[in-house]
Amino acid sequence: QVQLVESGGGLVQPGGSLRLSCAASGSIFSIYAMGWYRQAPGKQRELVAGIPSGGVTNYGDSVKGRFTISRDNAKNTVYHEMNTLKPENTAVYYCQADIIPSGSRLRNAYWGQGTQVAVSS
């Protein structure tokens, strides 16, 4: 069974930084695109940053220049470095990955359980 486990959320003051991690585990044949989404109270879930298995990363307009997504394919892990955080960045952040499990031919979207990020003084 494939799982995504996030870590690194918490409370930070405006202007501060946080680094989120998400590790994929289980019987995995291949991982394709990975990304981070967020959902603030009363709002829809939105894409924050995405990184394909090879190629150019993409970011939401509101986070360009402040957030950086990266991945370590040897560790099946995606990272999310968030700098100059603002109160409006407060949300639950979810990791997502497109994965083909071992023994399967189907690529499925898997989600982590979410990690809370709160930006407040």
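To start, this report covers the structure provided alongside it. All residue numbers refer to position in the chain's written sequence, counted from 1. This being a predicted model, a pLDDT of at least 70 is required before a residue's local features are given, and a value of 80 or more before pairs of side-chain atoms are given or counted; all residues contribute to the totals for chains, interfaces and linings. To obtain the side-chain values, all non-hydrogen atoms of the structure were included, while hydrogens and water were left out.

## Regarding the layout of surface pockets
And then number 1: Here a cavity denotes a set of grid points, spaced 1 Å apart and computed over the protein atoms alone, in which a 1.4 Å probe fits but from which it cannot get out, and a pocket denotes an open set meeting protein on both sides within 12 Å along at least five of seven lines; residues with an atom within 4 Å of a point are reported as lining. Grid points are joined across faces, edges and corners, and a volume is the space filled by probe spheres set on the points. The volume enclosed by the largest pocket comes to roughly 170 Å³.
And then number 2: Arg38, Ala40, Lys43, Glu46 and Glu88 are, among the 13 residues lining the largest pocket, the residues nearest its centre.
And then number 3: Split into classes, the residues belonging to the lining of the largest pocket amount to 2 nonpolar, 5 polar and 6 charged. Here the nonpolar group is Ala, Val, Leu, Ile, Met, Phe, Trp, Tyr, Cys and Pro; Asp, Glu, Lys and Arg are the charged ones; every other residue, Gly included, is treated as polar.

## Concerning the sheet that holds strand 8 (residues 77–82)
And then number 1: Here, strands pair whenever DSSP counts at least two bridges between them. Secondary structure elements are taken from DSSP: a helix is a run of H or I of four residues or more, a strand is a run of E of two residues or more, and numbering for both begins at the N terminus. With antiparallel pairing, 4 strands are arranged side by side in an open sheet as 1-3-8-7. Of all strands in the sheet, those bounded by a partner on one side alone are strand 1 (3–7) and strand 7 (67–72). Between one strand and the next, the sheet's axes are offset by a mean angle of 15°, whatever the strand orientation.
And then number 2: As paired strands, strand 3 (residues 18–25) and strand 8 are joined by 6 bridges and run antiparallel to one another. Its bridge partner being in strand 8, Cys22 is matched across the sheet by Val78. What counts as an axis is a line fitted to C-alpha atoms, over the stretch in contact for a helix, and the angles between N-to-C directions run from 0 to 180 degrees.

## A word on the packing of aromatic side chains
And then number 1: Only centres within 6.5 Å qualify two rings of Phe, Tyr or Trp (six-membered ring in Trp) as a pair; their planes then separate them into stacked at under 30 degrees, edge-to-face at over 60, and tilted for everything else. Applying the stated criterion across every chain, the model contains 1 aromatic pair.
And then number 2: Whether a charge sits over a ring depends on NZ of Lys or CZ of Arg being within 6 Å of the ring centre and within 35 degrees of the ring normal. Seen from the ring of Trp111, Arg45 lies directly overhead, with NZ or CZ sitting 4.8 Å from the centre.

## Quick look at the nonpolar core
And then number 1: Among the nonpolar cores identified, the biggest contains 29 residues, and Leu4, Trp36, Val78, Met82, Tyr93 and Ile99 are the most heavily contacted of them.
And then number 2: Listed by contribution, the elements that provide at least two residues to this core are strand 3, strand 4 (28–39), strand 5 (46–51), strand 7, strand 8, strand 9 (91–101) and strand 11 (115–119).
And then number 3: Ranked by the residues each element gives to this core, the list is headed by strand 9, at 5 residues. Throughout, nonpolar core names a set of buried Ala, Val, Leu, Ile, Met, Phe, Trp, Tyr and Cys residues whose side chains join them through atoms within 4.5 Å. Residue exposure (1.4 Å probe, protein chains only): buried if accessible area is under 20% of the type maximum, exposed if over 50%, otherwise partly exposed.

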